[in-house]
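Structural characterization, general
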Amino acid sequence: MEALIATNVTKHYANHVALNDVSINIPSHSIYGLLGPNGAGKTTLIRIINQIINADKGQISIFGEPLQAKHIGVIGYLPEERGLYKKLKVGEQLVYLAQLKGLSKKEATERSKAWIKKFEVTDWWTKKVEDLSKGMAQKVQFISTVMHEPKLIILDEPFSGFDPVNAQIITKEILELKEKGCTVIFSTHRMETVEDLCDHIALINRSEKILEGSKKQVKEKYRSNTYRVEHTGTFALNQNGFTLLDQKKLEDNVYQSEIQISSGSANHLIRTLTDYTEIHSFTEKIPTMSEIFISLVKGGTHE
Amino acid sequence: MNKVFLIIQREFLNRVQKKSFLVATILIPLIFPSIMAVLFYVKKQQDETAAKKIIHYIDEGKIFEPDSKKFEFVRETSTLAEAKENLKKDEQVFALLYIPEIDISKPQGIQLFTKSKISLGVQGDINYVLEERIKELKMERFKIDRAILDSLKTSVSLKTTDISGDVEQESNSGWIVGVGVAAGILMYMFIFIYGAQIMQGIIEEKTSKVVEVIVSSVRPFQLMLGKILGLASVGLLQFIIWIILITTLTGVVFSYFGIDSSQQQMVSQMTPEAQAAQNQFVMDLHANIDKIPFTYLICNFLFFFLGGYLIYGAMFAAVGSAVDSPAEAQQFMFPITLPMLIAYFGLFTFIIDDPQGPISVWLSIIPFTSPIAMMGRLGFGVPLWQLILSQVLLIGGFILTTWIAARIYRVGILMHGTKVNYKVLAKWFMMKN
């Protein structure tokens, strides 16, 4: 079952279109990357899913039901602009935010204590948020996002402001949540995150969805049939179906060449190459998400 | 609704647990009575310890028989010029009173020489001594017995009754008027103080960005309503504590230092007839206090207090949501303060003078001025239809402003760094959800 299906969602603001006919399918138990440059419409879509604003057109269904007020408790949301009540103590804050999500006071207290313990920060309980460091406050905010055990977790730029150690801890938590059956939506423009964590992605640019699919599918779609070969000595390739794109020196007599296959197979290429040189390594050059992202977004702006 | 209640509870606890709330709640009511206590105390000490001022006097007609608790009169037998010299030299002497031979029916030429400017109070006291003496002389001349004179004094307490309504009601209600006007002023202060707090709270939520987390859990309207109602409950609590503290403390101060002792003195000095008049006055006062329809006033006060607070609270909330800092909010304060100022000045100019005049009536009916104006009018008696109309309009006004405010609020809280003016607010208001 799909965790969330958005169909033809459109949102106009006074003088611009924030989302134009966007449809996405987010499979259950996946980590879904919502990618796009700043101002593409990611936050608008997330706010619509969170029912902070309403779409002008289109439907959203969540776990098979049309999105309604009761689904607030099913979603956990970590906004890009982090914020907590500065004057409130960490404990009170967590309990209050969980209560607003529909937990009873008792449940809220128990769970926030458990999380505080899990992060080994029990002594924060009575500290005011304004006395915490930025990273500490981020952890508190992360706890508040997942404490009511939402089935769908939306994280907007979750790693901004975290040092590598804390980012590691949060990554571990996210993977653990996925194991437990949660669906996670990542909104980000940082491609390393996507490369490491996401199973599925959608790319939104200038209010429109321009790409969607599993990470594997997308990469498959954007592979260019180019291979990277390390070999001894130089050569010139004069064969039909193979184009030598680039050749550069790595060390003494070792060179690296990029060869695109227009007809024929990789095996065919290897057989051909053995006539020219001694092969040290042979790998397919798969585009990184970053490369796909940049080529698509740039292509978009050139239209 | 459950979530609104959670927000109310949170707001209430946040404010009440603050030290500043405790300080303001306990200290402010202590300040007024303690200032009064200090003043009374100093005055009393001064009166008791101050030595009598010595006044020399020259009495050419041999008519002056000084009798005063405040001054020590010493007869001067030398000439006026010598006495003046003496006054300048002798530090003990406070002043020199010169009484020439006078016609008691037309006393002229009495002079007081002093070494410094004297206060009106002292001058009045000396005047009084002279006038009393001349009165005595006149009584002797006309052969009037003092007892007869005293018995001429009559005290009439006029009982006025308003028969315009179905029930004849006593309209002599100076006390109620006072209570009403005081309530109007309190209302004005309160709306301002707590309205500003709503605004500040919302600006804080907005700038700390916590608002986005909250509105993913509750509707913006619920958050706004919870905030307004939460602060209302803090306000009511503070208010009740103040009233209790101020009345008890003021009572204590008065009974300890002021009213009691001076009244006893006055009474002991008075003739039986005067005492009877005094008792009559005290009885009237008690009767009037008993006649103040406290339930009626308190119920109306609470109604108009809440209504007025909610109307203005919603507006303060809208302004808070639109701006990023309190300084930016200034530009929107004018339309909020204007009707309140009109009501406030209307209270002192129109309502006290002519509570049933058209301006007073309208001020007490239009929702934005009615909470303050109606409290001022209540004491004078308000026709039932006006009261009901005013209350209905106040409820309507509250719903209207809250609706408008909520539409601005839901957009405003998510906007950062926008330059906001009235046109932008109008655009937000019109925006689809």
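Parameters at a glance
- Within every chain, residues take consecutive numbers counted from 1 along the sequence as written.
- Chain letters and ligand numbers both follow the written order, the letters beginning at A and the numbers at 1.
- Local features in this predicted model are restricted to residues of pLDDT 70 or higher, and side-chain atom pairs are both shown and tallied only at a pLDDT of 80 or more, whereas totals for entire chains, interfaces and linings draw on every residue.
- As a rule here, side-chain values cover all heavy atoms of the structure and leave hydrogens and water aside.
- Put simply, a nonpolar core is a bunch of buried Ala, Val, Leu, Ile, Met, Phe, Trp, Tyr and Cys residues held in one set by side-chain atoms that sit within 4.5 Å of each other.
- Summary of the burial criterion: residues with accessible area below 20% of their type's maximum are buried, those above 50% are exposed, and those between are partly exposed, where the area comes from a 1.4 Å probe applied to protein chains only.
- Secondary structure follows DSSP: runs of H or I at least 4 residues long count as helices, runs of E at least 2 residues long count as strands, and numbering of each begins at the N terminus.
- Working rule for contacts: check all heavy atoms of both residues, and any pair within 4.5 Å makes them a contact.
- Every residue carries a pLDDT, the predictor's confidence in it, which falls somewhere between 0 and 100.
- Patches here: salt-bridge-free residues with over 30% relative accessible area, like charges joined within 9 Å, nonpolar side chains (Val, Leu, Ile, Met, Phe, Trp, Tyr) joined within 5 Å.
- Using the Shrake-Rupley algorithm and a 1.4 Å probe, accessible areas are obtained, with residue cover drawn only from the displayed protein chains.
- Basic side-chain nitrogens of Lys or Arg form a salt bridge, by our definition, when they fall within 4 Å of a carboxyl oxygen of Asp or Glu.
- In this tally, Lys and Arg are treated as positive and Asp and Glu as negative; His is ignored, and so are the chain termini.
- Lys charges are placed at NZ, Arg charges at CZ, Asp charges at CG and Glu charges at CD.
- A strand pair is defined by DSSP finding two or more bridges across the two strands.
- Using a 1.4 Å probe, buried area is obtained as the accessible area two parts lose upon being combined, added over both of them.
- Definition of a polar contact: a pair of N or O atoms within 3.5 Å, with one able to donate and the other able to accept a hydrogen when the atoms are protein atoms, and with sequence-neighbouring residues admitted only if both atoms are side-chain atoms.

1. Some points on the nonpolar core
Core analysis: the biggest nonpolar cluster contains 156 residues, and A:Ile24, A:Leu34, A:Ile49, A:Leu152, A:Ile174 and B:Ile214 have the highest contact counts within it. Counting residues per element, this core draws most heavily on helix H11 (residues 294-322) of chain B, at 15 residues. Residues within four places of A:Leu34 in sequence aside, it is in contact with A:Ile24, A:Lys42, A:Leu45, A:Ile46, A:Ile185, A:Phe186, A:Ser187, A:Thr188, A:Ala202 and A:Ile204. B:Phe71, B:Leu97, B:Ile99 and B:Ile134 belong to the second-largest nonpolar core, a separate cluster that totals 17 residues.

2. Some remarks on the confidence of the model for chain B
All names here are of chain B. In the predicted model, chain B carries a mean pLDDT of 81, and 85% of its residues have values of at least 70. By mean pLDDT, the top-scoring element of chain B is helix H15 (residues 384-412) (92), and the lowest-scoring one is helix H9 (residues 259-269) (47). Within the model, the stretch residues 260-268 combines pLDDT values under 50 with 8 contacts to residues more than four positions away or in other chains.

3. Observations concerning a positive patch on the surface
Residues A:Lys89, A:Lys128, B:Lys18 and B:Lys19 make up a contiguous surface patch of positive charge. As for its position among the elements, A:Lys89 is in the loop between strand E6 (75-78) and helix H2 (90-100).

4. Re the pairing of strand E1 (residues 53-59) of chain B
Residue and element names in this part refer to chain B. In terms of burial, E1 is largely enclosed, as 6 of its 7 residues are buried. Sheet topology note: the E1/strand E2 (residues 71-75) ladder contains 5 bridges and is parallel. Residue pairing for E2: His56 is matched across the bridge by Val74. Here 6 bridges tie E1 to strand E3 (residues 93-99), and the two strands are oriented parallel to one another. Paired with Ile54 across the two strands is Val93, which belongs to E3.

5. Some remarks on the interface of chain A and chain B
Taken together, the contact between chain A and chain B spans 27 residues of the former and 22 residues of the latter. Interface of chain A and chain B: buried area, both sides summed, is about 2,500 Å²; carbon and sulfur atoms make up 57% of it. Across the contact surface, chain A and chain B share 2 salt bridges. The interface formed by chain A and chain B holds 5 residue pairs in polar contact (both at pLDDT 80 or more) in total.

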